[in-house]
Amino acid sequence: MQMALEEAEDTQLYLDDALQGQDDLKEQVAMAERRPNRIQGETEELRTSLEQSERSRKVAEQELMDTTERVQLLHAQVAHIARPYTFLVLQKHRTTILMNTKKKLETDIAQIQSEVEEAIQEARNAEEKANKAITDIEELESMLEGEPKQAADAIKGIQIYERCIKELIFQ
């Protein structure tokens, strides 16, 4: 009777260990299933950030081109105004206005160029981050390639434990 009781206790301990192992394997399977979803979300966020940076860069480049055209037009106007000497006083006044406008535009151009350079640098930084993220994603994807096999092995292990438990119960 004592041996049967000890054997029952051993069987109960073995059963408890098997159930705990089964719960651990289920948790590992659940974690492996959540990981790809999280990685996909991060990938989408990085792509969105890259697209926004690219749009900002294009807008800044267009603004620079528009400002450059305006400066060239003003340079042409200044050259045209400087030629005639008959309306010297009028020309002097216009030249002053144009020079002030030119200085203001040059200041604006310098500021815009600075902003464009910052935007370009931000776009480069975003691209570097995106490239790094893509590399990280590729690494994670390569790591995840073995996860389905591990999950299948874990499920097989659970099934083996279940069979052993049933055999122990029916003995």
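Here is a short report on the structure shown in this document.

Cut-offs and rules
Residues numbered from 1 in each chain as written. Predicted model: local features only at pLDDT ≥ 70, side-chain atom pairs only at ≥ 80, totals over all residues. Heavy atoms only, no water. Salt bridge = Lys/Arg side-chain N within 4 Å of Asp/Glu carboxyl O. Helix = DSSP H or I, 4+ residues; strand = E, 2+ residues; numbered from the N terminus. Buried < 20%, exposed > 50% of the residue type's maximum accessible area, 1.4 Å probe, protein only. Patch = residues over 30% accessible without salt bridge, like charges linked within 9 Å, V, L, I, M, F, W, Y side chains within 5 Å. Areas by Shrake-Rupley, 256 points an atom, 1.4 Å probe, with all protein chains shown as cover. Lys, Arg positive; Asp, Glu negative; His and termini not counted. Charge placed at Lys NZ, Arg CZ, Asp CG, Glu CD.

Some remarks on the pattern of salt bridges
Step number 1: On inspection of all chains with the given rule, the structure shows seven salt bridges.
Step number 2: Arg47 serves as the salt-bridge partner of Glu44, at 3.3 Å between the closest nitrogen and oxygen. One end of the pair is Glu44 and the other is Arg47, both in helix H1 (residues 2-82) and three residues apart, which spans about a single turn.
Step number 3: Residue classification places Arg47 among the partly exposed residues on the basis of a relative accessible area of 46%.
Step number 4: Between Arg57 and Glu54 there is a salt bridge; the shortest N-O distance is 2.1 Å.

As for the environment of Ser49
Step number 1: Among the structural elements, Ser49 can be located in helix H1.
Step number 2: Classification of Ser49 by relative accessible area gives partly exposed; the value is 34%.
Step number 3: Counting along the chain gives 77 residues from Ser49 to Ala126, while the straight-line C-alpha distance between them is 7.3 Å.

A few points about a negative patch on the surface
Step number 1: Taken together, the side chains of Glu63, Asp66, Glu69, Glu115, Glu117, Glu118 and Glu122 make up a negatively charged region of the molecular surface.
Step number 2: Contributions of two or more residues to the negative patch are made by H1 and helix H2 (88-144).
Step number 3: In terms of residues, the negative patch owes the most to one element, H2, which gives four residues.

Remember that the coordinates give geometry; whether it matters functionally is a separate question.
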